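Summary of the model geometry
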Amino acid sequence: DAGVIQSPRHEVTEMGQEVTLRCKPISGHDYLFWYRQTMMRGLELLIYFNNNVPIDDSGMPEDRFSAKMPNASFSTLKIQPSEPRDSAVYFCASSSRWGSRGSHEQYFGPGTRLTVT
Amino acid sequence: AQSVTQLDSHVSVSEGTPVLLRCNYSSSYSPSLFWYVQHPNKGLQLLLKYTSAATLVKGINGFEAEFKKSETSFHLTKPSAHMSDAAEYFCVVSNYNTDKLIFGTGTRLQVFP
């Protein structure tokens, strides 16, 4: 398996512009997670999906952030409008928990490094 | 409620010497515990996991961790450090009652020649 795929790997944009980050989870995984990592706040969970349905978006910083999962193999995280404080590395992760108990490990993508100037 | 505490933010060792990265957890239920590693400018990679089977868990690259319920600890060890082990290590806790992983603040491991 190719693992979790994220694109782009690097994004530089100007304040006020729309940014779209993309993620392809591991085939067969039923959970998808979006995280943000910064030096100041560490790793933060933004939102996660189960079977393409958003379950918990309490970590989304504000209305400028939105996430979708139109099908089992694709998700997007959108920031509109972007601000310099959104600069961070954004990770997507997926896991498989089909009907079984116990927490399951998540597999992370390589991340998208976002710089907003 | 769940939480995890990594007791050292930085650990420095010489190549060939043992590595010990300390982690204590708190969980209302029987925990699942993980260690992840993050090399510079890379994603997080699973090193090993404990899910109520054997208390001594072996992972990749010679790492292992021991689950000690009485001490609520899950320390990560390696007998002999290699330069390529230099990275950030995260201790993670979860349980069957949640979909989320709770990450520690990380321990940066430096390995000197």
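Provided above is the structure to which this section pertains.
Residues numbered from 1 in each chain as written. Chains lettered and ligands numbered in written order. Predicted model: local features only at pLDDT ≥ 70, side-chain atom pairs only at ≥ 80, totals over all residues. Heavy atoms only, no water.

1. Quick look at the overall build of chain B
Keep this limit in mind: Numbering of helices and strands runs from the N terminus; a helix is a DSSP stretch of H or I covering at least four residues, while a strand is a stretch of E covering at least two. Here the radius of gyration uses the C-alpha set of atoms, whereas the globule reference equals 2.2 Å times the residue count to the power 0.38. Burial here depends on accessible area, computed with a 1.4 Å probe over protein chains only, as a share of the maximum for the residue type. Under 20% is buried, over 50% is exposed, and the range in between is partly exposed.
Looking only at helices and strands, chain B has 0 helices and 12 strands in total. Its helices and strands in sequence order give chain B the pattern β-β-β-β-β-β-β-β-β-β-β-β, from N to C terminus. For 113 residues, the compact-globule formula gives about 13 Å, and the C-alpha radius of gyration of chain B, at 13 Å, lands near that figure. Principal-axis analysis of the C-alpha atoms gives chain B an extent of 45 × 25 × 20 Å. Sorting the 113 residues of chain B into buried and exposed places 43% on the buried side.

2. Concerning the nonpolar core
As a reminder of what qualifies: Here, nonpolar core refers to any group of buried Ala, Val, Leu, Ile, Met, Phe, Trp, Tyr and Cys residues whose side-chain atoms link them within 4.5 Å. What makes two residues a contact is simply this: any of their non-hydrogen atoms within 4.5 Å.
Counting residues in each nonpolar core, the largest one holds 26 residues, and the members touching the most others are W35, L76 and Y89 of chain B. Examining the composition of this core, we find that 4 residues originate from one element, strand β10 (residues 87-94) of chain B, more than from any other. Other than its neighbours up to four places away in sequence, Y89 of chain B contacts Q6, L21, W35, Y36, V37, L47, F63, L76, G106, T107 and L109 of chain B. Within the second largest apolar cluster, 21 residues are counted, among which are L32, I47, L77 and I79 of chain A.

3. A closer look at the interface of chain A and chain B
The condition that has to hold: As a working definition, buried area equals the accessible area (1.4 Å probe) given up by two parts on being put together, with both sides summed. A pair is scored as a salt bridge if a Lys or Arg side-chain nitrogen falls within 4 Å of a carboxyl oxygen belonging to Asp or Glu. Between N or O atoms, a polar contact is any pair within 3.5 Å; within protein, one atom must be a potential hydrogen donor and the other a potential acceptor, and residues adjacent in sequence are included only when both atoms are from side chains. For this classification, Asp, Glu, Lys and Arg are treated as charged, while Ala, Val, Leu, Ile, Met, Phe, Trp, Tyr, Cys and Pro are nonpolar and the rest, including Gly, are polar.
On the side of chain B, 20 residues touch chain A, which itself brings 22 residues to the contact. Each partner contributes to the roughly 1,700 Å² buried at the junction of chain A and chain B, and carbon and sulfur atoms together form 50% of this total. Across the pair D56 of chain A and K100 of chain B runs a salt bridge, and its minimum N-O distance is 2.5 Å. On the surface where chain A and chain B come into contact, there are 7 residue pairs in polar contact (both at pLDDT 80 or more). The greatest single-element share of the side of chain A that touches chain B, amounting to 4 residues, is contributed by strand β4 (residues 31-38) of chain A. Classifying every residue of the side of chain A that touches chain B by side-chain character gives 9 nonpolar, 7 polar and 6 charged.

4. Observations concerning the pairing of strand β6 (residues 53-56) of chain A
Residues and elements named next belong to chain A. To keep it simple, the criterion reads: What makes two strands pair is DSSP finding at least two bridges between them.
Sheet topology places strand β5 (residues 42-50) next to β6; 3 bridges connect them, and they run antiparallel. Looking across to β6, one finds that F49 is bridged to P54. The turn joining β5 and β6, which pair antiparallel and follow one another in sequence, is formed by 2 residues; a positive phi near 50 degrees is taken by N51.

5. Remarks on the pattern of salt bridges
Residues and elements named next belong to chain A. Per the counting criterion, the structure on display carries 14 salt bridges over all chains. Here R85 makes a salt bridge to E83, at a shortest N to O gap of 2.6 Å. A relative accessible area of 23% means that E83 is categorised as partly exposed. When salt bridges with common partners are traced through the structure, they connect E62, R64, E83, R85 and D86 into a single cluster.

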